[in-house]
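As a plain string of letters, each chain reads:
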Amino acid sequence: MLKNKKNLKVLKLAALTIVFTIVQGCGENVDTSKKKEDSLAALSLDEKEASHSHDNSTHSHPSKRIVTPEDAQQLWLFPERKDKLGSGGLLQIYMDSESHPNASSGFSKYELGVGGALPEHKHNKTEEIAYFLSGTGIVISYENDERKETVVKEGYVWYTAPGEWHSFQNTGNEPLKLVFATVPNAKHGLLDFFKKVGVEPGTEPSNTLSAEEFAKLASDNDMILKPAEID
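Predicted, not measured: the structure shown is a model, and the values here were computed from it.

### A closer look at the nonpolar core
One broad trend across soluble globular proteins is that nonpolar side chains are buried collectively.
Here comes step 1: Counting residues in hydrophobic clusters, the biggest one holds 24 residues, and the most contacted among them are Leu91, Tyr110, Phe168 and Phe180.
Here comes step 2: With five residues, helix α2 (residues 190-197) is the largest single contributor of residues to this core.
Here comes step 3: Ignoring anything within four residues of it in the chain, the contact list for Phe168 reads Tyr110, Leu112, Ala117, Leu118, Ile138, Val139, Trp158, Leu176 and Leu178.

Encoded structure:
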């Protein structure tokens, strides 16, 4: 009888041990499952944030990757009159600090009319790289303070570093056409100057600025005019 009671106690103890082990195991499984769910949720959130961040970097500004001639801003520079460009210039701005604020360079096309020329000038901060598309002209530069004229035509590339006096003229019988980049693509740069003095095609040109005001406007936009030499 005593032996049976002893065996019964052992069985009860074993059963309690098994039940405790099962309950403890279930708790561990629940904790592990919860940890896995929390990890997956955190990973999913990180992926969403990363995706959102990537989207923001891709669409941080509305700048166009492809710019057509219709998209470019067209300006007449120093036209003869509102209905005739004459020896003035047709400027098409494809990229500048306003349309492409994150771009390192501005980009434009320029057509200088027959007999036209730009005044000699320099840029303290801006460098220019030009490629001539058609026409014939001369580029004016300086070497050791000596004025130099170089003939340019289709296929020629012209580089101007900051601080160099330069200009160019159309010496042919057709418009002298070129495309050029301005670096850096900064506000108050060369393209901003052209936008302030230029007019839309067909618009009456404005001649309200005095020579001093014109020179100051140019200087404020990194186009410093070369002082005229007095004999």
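### Here's the deal with the confidence of the model for the protein
Here comes step 1: For the protein, the mean per-residue pLDDT works out to 82, and 72% of the residues sit at or above 70.
Here comes step 2: Across residues 40-60 the pLDDT falls below 50, and counting only partners more than four positions away or on other chains, this stretch makes two contacts in the model.

### Focus: a nonpolar patch on the surface
Here comes step 1: On the surface, Ile129, Tyr131, Leu133, Val157 and Tyr159 cluster together into a nonpolar patch covering about 450 Å² of accessible area.
Here comes step 2: Elements represented by at least two residues in the nonpolar patch include exactly β5 (127-134) and β8 (157-160).
Here comes step 3: Looking at the nonpolar patch, the element that brings in the most residues is β5, giving three residues.
Here comes step 4: For Ile129, the position within the fold is in strand β5.
Here comes step 5: For Ile129, a relative accessible area of 41% gives the class partly exposed.

Definitions and cut-offs
Residues numbered from 1 in each chain as written. Predicted model: local features only at pLDDT ≥ 70, side-chain atom pairs only at ≥ 80, totals over all residues. Heavy atoms only, no water. Core = buried A, V, L, I, M, F, W, Y, C linked by side-chain atoms within 4.5 Å. Buried < 20%, exposed > 50% of the residue type's maximum accessible area, 1.4 Å probe, protein only. Helix = DSSP H or I, 4+ residues; strand = E, 2+ residues; numbered from the N terminus. Contact = heavy atoms within 4.5 Å. pLDDT = per-residue confidence, 0-100. Patch = residues over 30% accessible without salt bridge, like charges linked within 9 Å, V, L, I, M, F, W, Y side chains within 5 Å. Areas by Shrake-Rupley, 256 points an atom, 1.4 Å probe, with all protein chains shown as cover. Salt bridge = Lys/Arg side-chain N within 4 Å of Asp/Glu carboxyl O.

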